[in-house]
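# A structural walkthrough
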Amino acid sequence: GIQSGGNFENIKTFFAKALTTEKPEHEISSYLIRGFVDLHDVTEINNSLVLIDKHLAQVDKKSLIGLQFELIRKSPELQKRFLPRSIAALREANDAELDSNFFYYLNHGVKVVEDEAIRKDIKDFILDKKISYANKTFAGDKGLAEFHANGAKKDMEELMAKLK
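Residues numbered from 1 in each chain as written. Predicted model: local features only at pLDDT ≥ 70, side-chain atom pairs only at ≥ 80, totals over all residues. Heavy atoms only, no water.

Here we take up the packing of aromatic side chains. The tally for this structure, following the rule as stated, stands at five aromatic pairs. On the numbers, 6.0 Å between centres and 80° between planes, the contact of Phe102 with Phe125 is edge-to-face. One end of the pair, Phe102, is in helix α7 (residues 96-109); the other, Phe125, is in helix α8 (residues 116-134), with 23 residues separating them in the sequence. An aromatic cluster of three or more residues is present, and its members are Phe102, Phe103 and Phe125. (Phe/Tyr/Trp six-rings, centres within 6.5 Å; stacked < 30°, edge-to-face > 60°. Helix = DSSP H or I, 4+ residues; strand = E, 2+ residues; numbered from the N terminus.)

Written out as structure tokens, the structure is:
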């Protein structure tokens, strides 16, 4: 497998060096972060958060949510750092498709959110979205947004039940 021999270490080294790029380009930043997060452990990620943040600033909102989710899945410490950021970015974007992706990721990819403050933030965000969706206050294409909002509802309900 990839983890045997020098191949794994060579690939890890490549992503670690690439992450130190002085002027990250938004086209490659998401690939660099994903590769680094996939191949490195939590300690290595925590030691590289300044570099990761520099690259996160270069990616579009859709990629940002997915990348933050990958970080959230790694550890409770990274949940504390990136879940509130994800919620803030989603509130700013007011995009039902991004909301739907976030609720799906959180419902199906994260086993436990232990931090009470974050649990409350998630519940508050769900309640705000329920109101927003009921009032159909969507950004962008209304039909597409409604489609995504309807898709998010099941995951929102399941998440609320898990967070009680």
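It is worth spelling out the packing of helix α2 (residues 26-39) against helix α4 (residues 49-56) at this point. One can describe the packing of α2 onto α4 by two numbers: an axis separation of 9 Å at closest approach and a directional angle of 150°. α4 is crossed by α2, and the crossing has left-handed handedness. The residues of α4 that touch α2, namely those facing Ser29, Leu32, Ile33 and Phe36, are Ile52, His55 and Leu56. (Axes fitted to C-alpha atoms, helices over the stretch in contact; angles between N-to-C directions. Left-handed = near helix turned anticlockwise from the far one by under 90°. Contact = heavy atoms within 4.5 Å.)

Here the focus is the pattern of salt bridges. Applying the stated criterion to the full structure yields 14 salt bridges. A salt bridge links Asp99 to Lys129, with the shortest nitrogen-to-oxygen separation between them at 3.1 Å. Taken together, the residues span a long stretch of sequence, with Asp99 in helix α7 and Lys129 in helix α8 at a distance of 30 residues. According to the relative accessible area criterion, Lys129 is buried, its value standing at 5%. Across the pair Lys130 and Glu157 runs a salt bridge whose closest N-O atoms are separated by 2.8 Å. Of this pair, Lys130 sits in helix α8 while Glu157 sits in helix α9 (residues 142-163); the two residues are 27 residues apart in sequence, bridging distant segments of the chain. In this structure Glu157 comes out as partly exposed when scored by relative accessible area, which is 44%. Several salt bridges converge on common partners, so that one network encompasses Arg34, Glu70 and Arg73. (Salt bridge = Lys/Arg side-chain N within 4 Å of Asp/Glu carboxyl O. Buried < 20%, exposed > 50% of the residue type's maximum accessible area, 1.4 Å probe, protein only.)

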